[in-house]
Amino acid sequence: MSPQRNAGLEPQKDTSGLAGALLLALAFLPWIVYWTISGPGQSAAIAMALSITCALVAHQVWTSSYRVLDVGSFVYFALAAIATFVLDSSLFVAASGPLGFGALLLIAIVSLVIRRPFTADTARRGYPRQYWRNPAFITLHTIITSVWACVFLVCGALVAFAVTPATGPVPIALTVAAFIFTIIFEQKGPAFLVLERYRPYEWHVPLTPTASLQQNEYDVAVIGAGIGGLASAALLAKHGYKVLVLEQQSQPGGYCHSLERGEFAFSAGVTGITGLWDNGPVKRVLRQLGISPDGRFTPHNCRYVYKGQNIDTGTDLSSIVASLGDVFPEERESIGGFYQEAAEAFYQLHEYSSKFETPLPDHLVVRLMGDKAAAHLPRIYPGLYDWMGKTLQQKLDEHFQSDNLKALVAAASGQNGTAPQATTGLRALIGCLGPQLAGTYFPAGGPGALAAALAGAVESHGGTVMLNYRADRILTDRRQVRGVRSGAEIFQAHVVVSNVNPRTCVLQLVEASEIGGPYIDYIKSLPMSRSAFIVYAGVDDDLTSYPSLIQNMDGDFTILINSNVDERLAPRGRSSLTLIAPMGYRDFPPRDERDYEDRKRQFAALLLRKAAEVIPGIADKVVVLDAATPRTLESYTSMPDGALYGFDQSVGSRRPHFRSPIKGLYFAGASTFPGAGVESVMMSAMLCANDIAGWGRDSDRAQ
């Protein structure tokens, strides 16, 4: 974030909260008049209160912006006027206190039931319209309105039992206290609610690099050499920490590794890498580690196959907008507007937290940027918070009429393993639209080359990467990390970063009594994302005339032509293909069943036949063939159910905090914030590394 925008988070006489409180006080003016003047024979109080309410509502009718409290007040005083002046009843005059507080209580309850707390109406003027329906905003004012409801209930009871008049010292004191609470909680409440939710994880491990550690003693042990684990290890090693990485396989990378079969090399599962724009997270990490990104990545040419039509979207945003505009000329203007709005939110996401190198989860926003940040950021970045409060489908519906256009733009939501209606705004920006806005790339030498470069960075900065070492147990004592056991070897460590899925970690690597039953139940409750069936095919055909990445929406599978982005991955005149089709874990039999291999061959042949509908003739030109089932993916990565994206990323899924309840145990990777994908797991690595290093407090350490 630039210094100018950062300054916007400082308390610079922000009067929006006070203005909202004054507007709320104005809404109570007719009630003050009503209770102050009401008495035997004083029916004029009702007329005066109704006049004030009519003036308030008239302005809202003019602006088409209604406030629940004012509308409710109008209804009450209109009924009171009819009863008093038409029906000649004295009820609303004689019982003004109990009836008035009862009416206010009813208004408060109704506003809570319809999910429009009445205090939110007056607070809205301090926030952009996009934030008004944000769940955090509604939750905040649900609490504030509930406090007011309690005040109305207590005051009504006291007045009804003649303990005090409506304008007595107790009702006045309670009302003033409610006003003060409203002003303070509107500013402090967002931070309080966030920190309260994450209080079990607010531990701290004081960790200073030291050269006096014993041979098998480390500052940090990282379990798993996926991209999240490697990046966090490399960053920490660069900070001067003694770091150990344990990986159960013979090569690093996890899903981001290369598979060699004969003269062909294949991506094991990663189809593209994002975050490589000028200040993108992946490029930033590589530069920090001394890995030059220049010449290391090639942009993908992309094609969508939809309803039998090939739609080539090129390598950048301008070509995407132009291509979609050619197919949907009647929505050309809407397409440009949609991507312009998405781009604004996307870059705001990275701008607000650039000081900390990566977008932050909400509790870190509060902890690192101050209590007021949670309240002020929505005002500074309305476009971003508009997206964060909606789903991808909602944003598509706002801009487009054509369902076909919506389907095409949302096709990338499959990279999250979620349908558009279940894709959160945050994941839409990072995992769906980010690749379109900032480009999708393929690493030179295949994904395994990127993993190898990160592993090399760990070791070049003094860390240790041990392959073919499976972590069997995370050693703890009194809910604090002590180290890791692998076979008969024990590696002492003050901090452990688990790059394996939290379900595997919690259920297999730590003692249940240490992590706690409630947390275990929570982890068990989280559904895994979908898996896939993957075919690796070496083809005796030159496919350079095709785009390197083809999304077949008609057949629901992806074709990655590895050799089209790096010709070294296949012999001259031949091509290397990775075909990926989504599949449920239980759609394929266990590996020890007799028909496992037969089913595997059948599915591979079926997927090749489908691919031949897009690239004619390839099914008959296969010279090298292998395949991976969901069971294969589970075995290789220890990812439960062979899930491609870790835990499910749908709306409403509360992914684990990057800190566990055990002091010193971190999570990095696809199953924590901000989600799946190489770019996202690099962000999670930066969160872990920066948190362990104290967020820059030791920035003057030897590099």
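Here goes a summary of the coordinates provided. (Residues numbered from 1 in each chain as written. Predicted model: local features only at pLDDT ≥ 70, side-chain atom pairs only at ≥ 80, totals over all residues. Heavy atoms only, no water.)

## Comments concerning unusual backbone geometry
Alright, step 1. Following Phe-673, the chain continues to Pro-674 via a peptide bond in cis, the omega torsion being 0°.
Alright, step 2. As for its position among the elements, Pro-674 is in the loop between β18 (665–667) and α27 (678–692).
Alright, step 3. We note that Ser-638 has phi near 60°; this positive angle belongs to a residue other than glycine.
Alright, step 4. Counting through the fold element by element, Ser-638 comes out in the loop between α26 (630–637) and β18. (Helix = DSSP H or I, 4+ residues; strand = E, 2+ residues; numbered from the N terminus.)

## A short note on the sheet that holds strand β17 (residues 622–628)
Alright, step 1. Pairing is mixed across the open sheet formed by seven strands, whose spatial order is β7-β6-β14-β15-β16-β13-β17. Each edge of the sheet is formed by a strand with only one pairing partner; in this case those strands are β7 (309–314) and β17. Taking each pair of neighbouring strands and ignoring which way they run, the sheet shows an average axis angle of 20°.
Alright, step 2. In the sheet, strand β15 (residues 557–561) pairs with strand β16 (residues 575–583) via four bridges, with the strands oriented antiparallel. Counted as the bridge partner of Ile-559 is Leu-579 from β16.
Alright, step 3. Along the sheet, α26 contacts β13 (531–539), β16 and β17; its crossing angle with β13, the most-contacted strand, is approximately 95°. (Pairing = 2+ DSSP bridges. Axes fitted to C-alpha atoms, helices over the stretch in contact; angles between N-to-C directions. Contact = heavy atoms within 4.5 Å.)

## Some words on the packing of aromatic side chains
Alright, step 1. Under the counting rule described, the total for this entry stands at 42 aromatic pairs.
Alright, step 2. Each ring, one from Trp-31 and one from Tyr-34, has its centre 6.2 Å from the other, and the planes form 70°; the classification is edge-to-face. Taken together, the residues Trp-31 and Tyr-34, both in helix α2 (residues 16–37) and three residues apart, mark about one turn of the helix.
Alright, step 3. Judged by relative accessible area, which is 0%, Tyr-34 ranks as buried.
Alright, step 4. With centroids separated by 5.9 Å and ring planes inclined at 55°, the aromatic side chains of Phe-266 and Tyr-536 adopt a geometry described as tilted. (Phe/Tyr/Trp six-rings, centres within 6.5 Å; stacked < 30°, edge-to-face > 60°. Buried < 20%, exposed > 50% of the residue type's maximum accessible area, 1.4 Å probe, protein only.)

## What about helix α13 (residues 332–351)?
Along an α-helix, residues three or four positions apart point the same way, because every turn accommodates 3.6 residues.
Alright, step 1. The end-to-end C-alpha distance of α13 is 29 Å, a good match for the 28 Å that 20 residues give at a rise of 1.5 Å each.
Alright, step 2. Looking only at α13, the buried set comprises Ile-335, Phe-338, Tyr-339, Ala-342, Ala-343, Ala-345, Phe-346, Gln-348, Leu-349 and His-350. (Expected span 1.5 Å × (residues − 1).)

## Considerations on the packing of helix α6 (residues 96–113) against helix α8 (residues 135–160)
Alright, step 1. Running from N to C, α6 and α8 point in directions that differ by 160°, and their axes come no closer than 8 Å. If you check the angle between α6 and α8, you find them roughly antiparallel. Crossing hand, α6 versus α8: left-handed. Residues Gly-97, Pro-98, Phe-101, Leu-104, Leu-105, Ala-108, Ser-111 and Leu-112 of α6 touch α8, and the partners they reach there are Thr-142, Thr-145, Ser-146, Ala-149, Phe-152, Leu-153, Cys-155, Gly-156, Val-159 and Ala-160.
Alright, step 2. Broken down by class, the residue content of the contact of α6 with α8 amounts to 12 nonpolar, six polar and no charged. (Parallel < 35°, antiparallel > 145°, perpendicular 65-115°, else oblique. Left-handed = near helix turned anticlockwise from the far one by under 90°. Nonpolar A, V, L, I, M, F, W, Y, C, P; charged D, E, K, R; others polar.)

## Remarks on the layout of surface pockets
Alright, step 1. There is about 1,400 Å³ of room inside the second largest pocket.
Alright, step 2. As for the second largest pocket, its lining consists of 46 residues, and the residues nearest its centre are Arg-197, Tyr-198, Asp-362, Met-388 and Leu-426.
Alright, step 3. Sorting the residues of the lining of the second largest pocket by element identifies α8, α9 (169–197), α14 (362–369), α15 (373–380), α16 (382–388) and α19 (425–438) as the ones contributing at least two each.
Alright, step 4. The element contributing the most residues to the lining of the second largest pocket is α8, with five residues.
Alright, step 5. Broken down by class, the residue content of the lining of the second largest pocket amounts to 25 nonpolar, 14 polar and seven charged. (1 Å grid on protein atoms, 1.4 Å probe; cavity = no way out; pocket = protein on both sides within 12 Å on 5 of 7 lines; lining within 4 Å. Points joined across faces, edges and corners; volume = space filled by probe spheres on them.)

## Some points on empty space enclosed by the protein
Alright, step 1. With the rule as written, the count across this model stands at five cavities of 30 Å³ or more.
Alright, step 2. The volume enclosed by the largest cavity comes to roughly 50 Å³.
Alright, step 3. As for the largest cavity, its lining consists of Tyr-304, Thr-313, Ile-320, Leu-324, Tyr-339, Leu-408, Val-409 and Gln-436.
Alright, step 4. Those elements that provide at least two residues to the lining of the largest cavity are α12 (317–327) and α18 (403–409).
Alright, step 5. By residue class, the composition of the lining of the largest cavity is six nonpolar, two polar and no charged.

## Concerning the pairing of strand β1 (residues 217–223)
Alright, step 1. The buried fraction of β1 is high, at seven of seven residues.
Alright, step 2. Relative to strand β12 (residues 489–498), β1 is paired through six bridges, and the arrangement is parallel. Opposite Val-220, over in β12, you have Val-495 as the bridge partner.
Alright, step 3. Two elements, β1 and strand β2 (residues 243–247), share four bridges in a ladder whose sense is parallel. Looking across to β2, one finds that Ala-221 is bridged to Leu-244.
Alright, step 4. Tracing the backbone out of β1, into helix α10 (residues 227–238) and back to the parallel element β2 gives a crossover that is right-handed. (Right-handed = clockwise from strand over helix to strand, strands pointing away.)

## Focus on the pattern of salt bridges
Alright, step 1. Here the structure, examined in full by the defined rule, presents 22 salt bridges.
Alright, step 2. The partner of Arg-367 in a salt bridge is Glu-202, and the shortest N-O contact between them spans 3.7 Å. One end of the pair, Arg-367, is in helix α14; the other, Glu-202, is in the loop between α9 and β1, with 165 residues separating them in the sequence.
Alright, step 3. The class for Arg-367 is partly exposed, based on a relative accessible area of 32%.
Alright, step 4. Residues joined by salt bridges that share partners form a network here, namely Glu-341, Asp-386, Lys-390, Lys-395 and Glu-398. (Salt bridge = Lys/Arg side-chain N within 4 Å of Asp/Glu carboxyl O.)

## Observations regarding the packing of helix α21 (residues 502–509) against helix α23 (residues 517–525)
Alright, step 1. Contact geometry of α21 with α23 gives a least axis separation of 10 Å together with a crossing angle of 140°. Comparing their axes, α23 and α21 come out oblique. Between α21 and α23 lies a crossing of left-handed hand. Counted together, Pro-502, Arg-503, Val-506 and Leu-507 of α21 and Tyr-519, Ile-520, Ile-523 and Lys-524 of α23 form the full contact between these two elements.
Alright, step 2. Classifying every residue of the contact of α21 with α23 gives six nonpolar, no polar and two charged.

## Looking at the environment of Leu-633
Alright, step 1. Inspection of the secondary structure puts Leu-633 in helix α26.
Alright, step 2. Residue classification places Leu-633 among the buried residues on the basis of a relative accessible area of 7%.
Alright, step 3. For the pair Leu-633 and Ala-532, spaced 101 residues apart in sequence, the C-alpha separation works out to 8.5 Å.
Alright, step 4. When near neighbours in sequence (up to four residues on either side) are disregarded, Leu-633 contacts Tyr-255, Ser-531, Ala-532, Ile-534, Ala-628, Ser-638, Gly-642 and Leu-644.

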